[in-house]
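Residue-level structural notes
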Amino acid sequence: MLPLDDARALVATIPDPEIPAVSLTDLGIVRDVAYDADTLVVTVTPTYTGCPATAVIALDIETELLRRGAEKVRVDTRMSPAWTTDWITPEGREKLRAYGIAPPAVAAANCAGMLSAQHPDCPLCGSSDTSLISGRGSTPCKAQFRCATCLEPFDYFKAI
Amino acid sequence: MNDVMTPFATFCLRMGDNALILGQRTGEWCGHAPVLEEDIAFANMGLDLIGQTQHWYGLAADELGQSPDELAFFRGEREFLNTLLVEQPNIDFAHALMRQYLFDAWHLPMLEGLAGSTHQGIADLAAKAVKEVRYHIDRSRDLIIRLGDGSEESHAKMQDALTWLWPFTADLLARDAADDALVAEGVIPDGDAIKAAFERETTKALAQATLTPPDGPRRTGGRTGNHSEHMGYLLAVMQSVPRAHPGARW
């Protein structure tokens, strides 16, 4: 049987399928890793209700744990409390920035749905002279901004 | 099906059907919207809505004895309980945006109320969905104002869309004995509060957009399965593949 600590450490290395710069643990979506009798149960909170990565994430967890010695694996979904970008770890925020995605504003509950009021720092040059291009991006969780200093467009991870 | 369902299952189906049918309509924009950003926006909102659909159907699955896929793909037109508004065809970008805005103006206060539901499953789902829908209305409100108060042509198109779609908002705000029973138990918010929030939102934004809702007849029926002529065509497109290949898997 795969020891629980090893299982936790393994889950922490599994990358997000859409944004591989951050792990599932960095994103704060792994709620629990525990044994239910002989089955290893990983409990995950979905990011967006319709995020297409949700099914891939469950498959990735199962595949990785089985490959590394777990015998039976189950991935459970926990809806409540709802995931918020406030659960992204400080390391996760830094990894997003280094990858070119501006991390979400903190205290997400106060700014969900108010994108045009946001001026996230440009992840490329650090300028705060930025403005919204579009509220949606290459994935549902991102918006597109432009930087007036370095003139580059960039992704912003929306606060939710 | 309708006459044997509990008020709870009826409500979950109505919420799920609204989200599914609007998700299907917004998905029709994929590859067709006037600019890339709006193409992506419609497709992404469709994803949110269809994700919410699965959870609404899931809440009622025990009682209905059908999986979310079975509910979506193997029910007939009269068994769908979505409002008339969401099944209206895209026609053009103005109609699609206005339909989205009018739906969002009802959806947001409804979900805000449901987040305080005495039913834990509904409260959990609403707390999640409300955050997504805040982003939906942020976009749809912004665009109907900019296009309504825009050029002569964009104003005319937005006014045509409002004139066509406004009568169907009565179906969004309609209620019946199933709703009353759930309001009494604190499962869903009172319809008067939703209607007041809808009117506050639309009065302000439509004035900013220099658009005027029409007088005249209002339409209802979708919530009880009496749909407009557009619904059958939508279902034919959405359901044809699963019906031709029942049980098929990727």
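Residues numbered from 1 in each chain as written. Chains lettered and ligands numbered in written order. Predicted model: local features only at pLDDT ≥ 70, side-chain atom pairs only at ≥ 80, totals over all residues. Heavy atoms only, no water.

The next thing to look at is the nonpolar core. Of all hydrophobic cores here, the largest spans 73 residues; its most connected members are B:Phe11, B:Trp56, B:Met98, B:Leu102, B:Trp106, B:Leu111 and B:Leu114. At 14 residues, the largest contribution of residues to this core is made by helix H5 (residues 93-114) of chain B. With 41 residues, the next largest nonpolar core counts A:Val22, A:Leu24, A:Cys51 and A:Val73 among its residues. (Core = buried A, V, L, I, M, F, W, Y, C linked by side-chain atoms within 4.5 Å. Buried < 20%, exposed > 50% of the residue type's maximum accessible area, 1.4 Å probe, protein only. Helix = DSSP H or I, 4+ residues; strand = E, 2+ residues; numbered from the N terminus.)

Let's shift gears to the domain arrangement of chain A. Residue and element names in this part refer to chain A. With domains assigned, chain A is organised as domain 1 (4-77) and domain 2 (89-157). In this complex, domain 1 contributes nine residues to the contact, which on the side of domain 2 involves twelve residues. Here domain 1 meets domain 2 over a buried area of about 910 Å², counting both sides, of which 71% is carbon and sulfur. Its largest share of buried area at the contact with domain 2, domain 1 owes to Ile19, Asp26 and Tyr48, together 52% of the area lost on that side. Where domain 1 meets domain 2, there are one salt bridge. Here Asp26 ties to Lys95 by a salt bridge, and the two come within 2.6 Å at their closest N and O atoms. Inspection of the domain 1/domain 2 interface yields two residue pairs in polar contact (both at pLDDT 80 or more). (Domains from an automatic or database assignment. Contact = heavy atoms within 4.5 Å. Buried area = accessible area lost by both parts, 1.4 Å probe. Salt bridge = Lys/Arg side-chain N within 4 Å of Asp/Glu carboxyl O. Polar contact = N/O pair within 3.5 Å; in protein donor to acceptor, adjacent residues only side chain to side chain.)

Turning next to the packing of H5(B) against helix H7 (residues 152-165) of chain B. Residue and element names in this part refer to chain B. Between H5 and H7, whose axes approach to 8 Å, the crossing angle comes to 50°. On the basis of their axis angle, the class for H5 and H7 is oblique. Judged by the sense of rotation from one axis to the other, the crossing of H5 with H7 is right-handed. Residue-level contacts link Ala94, His95, Met98, Arg99 and Leu102 of H5 to Lys157, Met158, Asp160, Ala161, Leu162, Trp164 and Leu165 of H7. Looking at the contact of H5 with H7 residue by residue, the classes come out as eight nonpolar, one polar and three charged. (Axes fitted to C-alpha atoms, helices over the stretch in contact; angles between N-to-C directions. Parallel < 35°, antiparallel > 145°, perpendicular 65-115°, else oblique. Left-handed = near helix turned anticlockwise from the far one by under 90°. Nonpolar A, V, L, I, M, F, W, Y, C, P; charged D, E, K, R; others polar.)

Within a sheet, neighbouring strands are paired by backbone hydrogen bonds and run either parallel or antiparallel to one another. All names here are of chain A. Pairing within the open sheet is mixed, and its four strands lie in the order S4-S7-S6-S5. The open sheet has two edge strands with one neighbour each: strand S4 (101-102) and strand S5 (130-134). Note that S4 and strand S7 (residues 153-157) share two bridges and pair parallel. By the bridge assignment, Ile101 is partnered in S7 with Asp155. (Pairing = 2+ DSSP bridges.)

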